Amino acid sequence: MNRGTKTDTHAAAPEGCGEFGVYTDMKDFPVKEYPSYMQEGIGAVCTDGSATIQVSETASRISPGVILILFPWQLVSIAEVSSDFRMTFFRVSQGMFSDTLSSLWMLRSGFFFFMRKRVATKPNEDYIGRFRYFCNLLAYRNEHVPPDCRKESIMQLLRVFYWDVYVGYINDPAGKNTRYTRKEELAFRFMHMIIDEHSPSKEVAYYADRLNITPKYLTNLVRRISGQSAHDWIVYFTIIEIKALLRESALDMKTIASRVNFRDLPTFSRFFRRYTGRSPKQYRESIYFN
C-alpha cells in the first residue's frame, strides 16, 4: 500500500453491540493507508504476515506475535501491508474506553504521550494464543451476558488489559526518559496541569496564561499533536475524573462536585449531562444497576 495525502478526522465506530466487538477479518480493521484520527481503542495481535503502523511520527513494524495497542485520538495509518497480513483484534468505542480508564487509576499525564511512541510490543509468538484466548472471553461476554450487565462485564476484562498496559508504562525506564519536541513539551505541560495539578479552571485561557502563550496558539498546538483541541482535552480528563469519583459509592454528589472544582451542584450536573448525555445520578445508577 502506498500512503496517501488525505487526512480523515473520523474512523468507523465498532459494530456488534455498538460499543465493542472482536474481529479477525481485516476489512473490519479501522486503520487505513491515509492518516486518520482514531475514534475508538484497538487491541490486536498479529497472527500472519506483516505491516507498518504509523502513529504520528512513530512507525512500528507489525509481525506475528506483536501486540498492537491504539488509543482514541491517535493519528494512525498503515502501510507496507503483506498479502497475508492477519490479526485478531477488538474495537472499543471512545465512550467505553473512557469508562474503563476512569475505574483504574489517576492518570499520569505522560501516559498518553508515551503510548504514541510505544504502540507495539516485541514479537513473541506465545502472545498469539494468549491474546486469542482473551478475545474469546470478551466475545463470549459480548454474546451471552444479559444486555443490562453486558457492558460492565466486558469492561471488567478490559480493565485487566489496560491495567497491564499501564503497569508496563510506569515500569519502563524509557517512560521517564522519552524525549519530546518543544511543542510536545508544551502539550505535555498542559495535560500535566489538567491531570496532576487538578487546576480549578475549565477555560483554555487559564492554561495558556500559565504557559505564556495565547489561547489560540495552545488550541492549535494541541490539536496538531493530538487531533483534539485544548478544550476537548480539558473536558475529557474532567469527565474521566468525575466518572472515577462516581464509582466511589461513599461520596455524595456535593463532595464530588467540590473535588472537581465546580462551584455548585447544578453547574456540575449540567456539565456532566452536556458531555455524556446523562446526569451524574443516572451514570452512577448504571454502574451499580440500582
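Residues numbered from 1 in each chain as written. Predicted model: local features only at pLDDT ≥ 70, side-chain atom pairs only at ≥ 80, totals over all residues. Heavy atoms only, no water.

### Re the overall build of the protein chain
- Regarding its fold elements, the protein chain presents 12 helices and eight strands.
- For the protein chain, the share of sequence-separated contacts (at least 6 apart) that also reach a separation of at least 24 residues comes to 74%.
- By element, 50% of the accessible surface of the protein chain is carried by carbon and sulfur atoms, the whole surface being about 14,200 Å². (Helix = DSSP H or I, 4+ residues; strand = E, 2+ residues; numbered from the N terminus. Contact = heavy atoms within 4.5 Å. Areas by Shrake-Rupley, 256 points an atom, 1.4 Å probe, with all protein chains shown as cover.)

### Side note on the confidence of the model for the protein chain
- Averaged over all residues, the pLDDT of the protein chain is 83; the fraction at 70 or higher stands at 86%.
- Here helix 5 (residues 173-177) is the element of the protein chain with the lowest mean pLDDT, 62, and strand 3 (residues 40-48) is the one with the highest, 96.
- Note that pLDDT drops below 50 for residues 1-17; the model gives that stretch 43 contacts with residues more than four away or on any other chain. (pLDDT = per-residue confidence, 0-100.)

### Looking at the sheet that holds strand 1 (residues 20-23)
- The four strands are arranged 1-8-3-6 in an open sheet whose pairing can be described as antiparallel. The sheet is open, and its two borders are formed by strand 1 and strand 6 (67-70), each paired with just one other strand. Averaged over all neighbouring strand pairs, the angle between strand axes comes to 10°, with direction disregarded.
- Looking at chain direction, strand 1 and strand 8 (residues 86-93) are connected through four bridges and run antiparallel. By the bridge assignment for strand 8, Phe-20 is matched with Val-92.
- Sheet strands touched by helix 1 (residues 94-102): strand 1, strand 3 and strand 8. Its angle to strand 8, the strand with the most contacts, is close to 80°. (Pairing = 2+ DSSP bridges. Axes fitted to C-alpha atoms, helices over the stretch in contact; angles between N-to-C directions.)

### Topic: the sheet that holds strand 7 (residues 75-79)
- Strand order in this open sheet of four strands is 2-7-4-5, and the pairing throughout is antiparallel. In this open sheet, the two edge strands, each paired with only one partner strand, are strand 2 (36-37) and strand 5 (58-62).

### Concerning the environment of Leu-246
- Mapped onto the elements of the fold, Leu-246 is located in helix 9 (residues 230-246).
- Considered as a pair, Leu-246 and Glu-285 are 39 residues apart in the sequence and their alpha carbons are 9.5 Å apart.

### Here's the deal with the nonpolar core
- Counting residues in hydrophobic clusters, the biggest one holds 53 residues, and the most contacted among them are Phe-90, Leu-158, Tyr-162, Phe-190, Leu-218, Trp-233 and Tyr-236.
- Among the elements that make up this core, the one with the highest residue count is helix 4 (residues 147-170) (nine residues). (Core = buried A, V, L, I, M, F, W, Y, C linked by side-chain atoms within 4.5 Å. Buried < 20%, exposed > 50% of the residue type's maximum accessible area, 1.4 Å probe, protein only.)

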